[in-house]
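Summary of the model geometry
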Amino acid sequence: MRKVYTLLLVLFSLAGVQKSHAQEEQAGSPHNLAAKVLFLDYATPNGLDLDTLPISNGMEVGYIRNFNKYLNIAFPVKVALANVEGFVNRRTVVCLDAILQGQYQKTPNSFLTPYVFGGGSIVFENFEMTSLQFPVGLGLNLRLAPNTFLNLQGEYRYSLAENRTNLTYGAGLVFRLVPSTKEKTEEEVPPPPPPVNKKDKDADGVLDD
């Protein structure tokens, strides 16, 4: 659990840095990165006891592309050490997901943005076997800064492999990628021509020429 707390601390530290540098809202940016801590339950959906298969941990990183205020597509990658049926030791589980999110966003500056999602996943267990899962779930984004969101998510992942259906809960951050732009400056004006060397040596108000 110490590693989980350390990761959460790092994520929230990144949120503070993001807040200090994001002075203006960039609502038009469609690109986002996400990072989450995961909690996996392989016992409850399969009618097993949590004492036998306790909740395990993992992490997720992903890219989210926003199409409009109602629809996103996400490509998360999950890595976890999971307690699964049939094995005493935890198994390394890697999931490659493709997800569609339907969200309700009142305005681009909304504090709360709930969403539902569904999709498909290719799952590698201990890099030995491959199966398919179909995740569906609910999520919520809470704005912490102009381009930083706290993300809470829960999903039911139906598996085609026996006793691999699971519940996965996640908490982390979503960062909107704001392109770096130089400060806007006035249109450059060509420099004035050098002054002509005109003299009035006798100071009578009339140039010598």
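Up top is the structure these notes are about.
This report concerns the structure included in the present document. In this convention, every chain numbers its residues from 1, walking through the sequence in written order. Local features in this predicted model are restricted to residues whose pLDDT is 70 or higher, and side-chain atom pairs enter the listing and the counts only when it is 80 or higher, whereas totals over whole chains, interfaces and linings include all residues. Only hydrogens and water are set aside when side-chain values are computed; all heavy atoms of the structure are taken into account.

**Section: the overall build of the protein**
By the criteria applied, helices consist of DSSP H or I runs no shorter than four residues and strands consist of E runs no shorter than two, each listed in order from the N terminus. Looking only at helices and strands, one finds one helix and eight strands in the protein. Starting at the N terminus and walking to the C terminus, you meet the elements of the protein as α-β-β-β-β-β-β-β-β. Per-residue burial over the protein gives 37% buried out of 209 residues. Any two residues whose heavy atoms approach within 4.5 Å are treated as being in contact. For the protein, the proportion of contacts with a sequence separation of at least 24, taken over those separated by at least 6, is 55%. About 13,100 Å² of surface is accessible on the protein, with carbon and sulfur atoms providing 62% of the total. Relative accessibility decides the category of a residue: with a 1.4 Å probe and only protein chains considered, values under 20% of the type maximum give buried, values over 50% give exposed, and everything between is partly exposed. Throughout, the Shrake-Rupley method with a 1.4 Å probe supplies accessible areas, and for residues the shown protein chains are the sole cover considered.

**Here's the deal with the sheet that holds strand 7 (residues 148-159)**
A pair of strands is labelled paired if DSSP reports no fewer than 2 bridges between them. On the basis of which strands lie adjacent, the closed barrel formed by eight strands has the order 1-2-3-4-5-6-7-8 and antiparallel pairing. Sheet twist, expressed as the mean angle between neighbouring strand axes with direction ignored, is 25°. Inspection of the sheet shows strand 6 (residues 129-145) paired to strand 7 by 12 bridges, in the antiparallel sense. Residue pairing for strand 7: Q133 is matched across the bridge by S159. Geometry is summarised by axes, namely lines fitted to C-alpha atoms with helices restricted to the contacting stretch, and by angles between N-to-C directions that run from 0 to 180 degrees.

**Describing the side chain of E125**
Tracing the chain through its elements places E125 in strand 5 (residues 112-125). Filtering out sequence-adjacent residues up to four positions away, E125 remains in contact with V84, F87, R91, T92, V93 and R164.

**Concerning the nonpolar core**
One finds L38, L40, Y42, A80, A82, V84, V93, C95 and V123 forming the largest nonpolar core, which totals nine residues. Elements with a contribution of two residues or more to this core: strand 1 (31-41), strand 3 (71-82) and strand 4 (91-103). With sequence-adjacent residues up to four places away left out, V84 is seen in contact with Y42, L53, R91, E125 and R164. Ranked by size, the runner-up nonpolar core spans eight residues in total, among them I64, A74, I99 and V174. Nonpolar cores are built from buried Ala, Val, Leu, Ile, Met, Phe, Trp, Tyr and Cys residues. Side-chain atoms within 4.5 Å join them into one set.

**Considerations on the pattern of salt bridges**
Think of a salt bridge as a Lys or Arg side-chain nitrogen and an Asp or Glu carboxyl oxygen that are within 4 Å of each other. Taken as a whole and assessed by the stated rule, the structure comprises nine salt bridges. Close ionic contact of K36 with E60 constitutes a salt bridge, the shortest N to O distance being 3.1 Å. Residue K36 is located in strand 1, and its partner E60 is located in strand 2 (residues 56-66); the two are separated by 24 residues in the primary sequence. Each member of the pair K36 and E60 is classed as buried. For D97, the salt bridge is made with K78, and the minimal N-O distance between the two is 3.0 Å.

**Notes on a nonpolar patch on the surface**
On the surface, a nonpolar cluster with roughly 990 Å² of combined accessible area is contributed by M59, V61, V77, V79, L96, I122, L132, F134, V136, Y156, Y158 and L160. Of all the secondary structure elements, the ones that give two or more residues to the nonpolar patch are strand 2, strand 3, strand 6 and strand 7. In terms of residues, the nonpolar patch owes the most to one element, strand 6, which gives three residues. As for its placement among the helices and strands, V136 is situated in strand 6. Residue V136 is classed as partly exposed on the basis of its relative accessible area, which comes to 43%. Within the patch definition used here, like charges are joined within 9 Å and nonpolar side chains (Val, Leu, Ile, Met, Phe, Trp, Tyr) within 5 Å, considering only residues with over 30% relative accessible area and no salt bridge.

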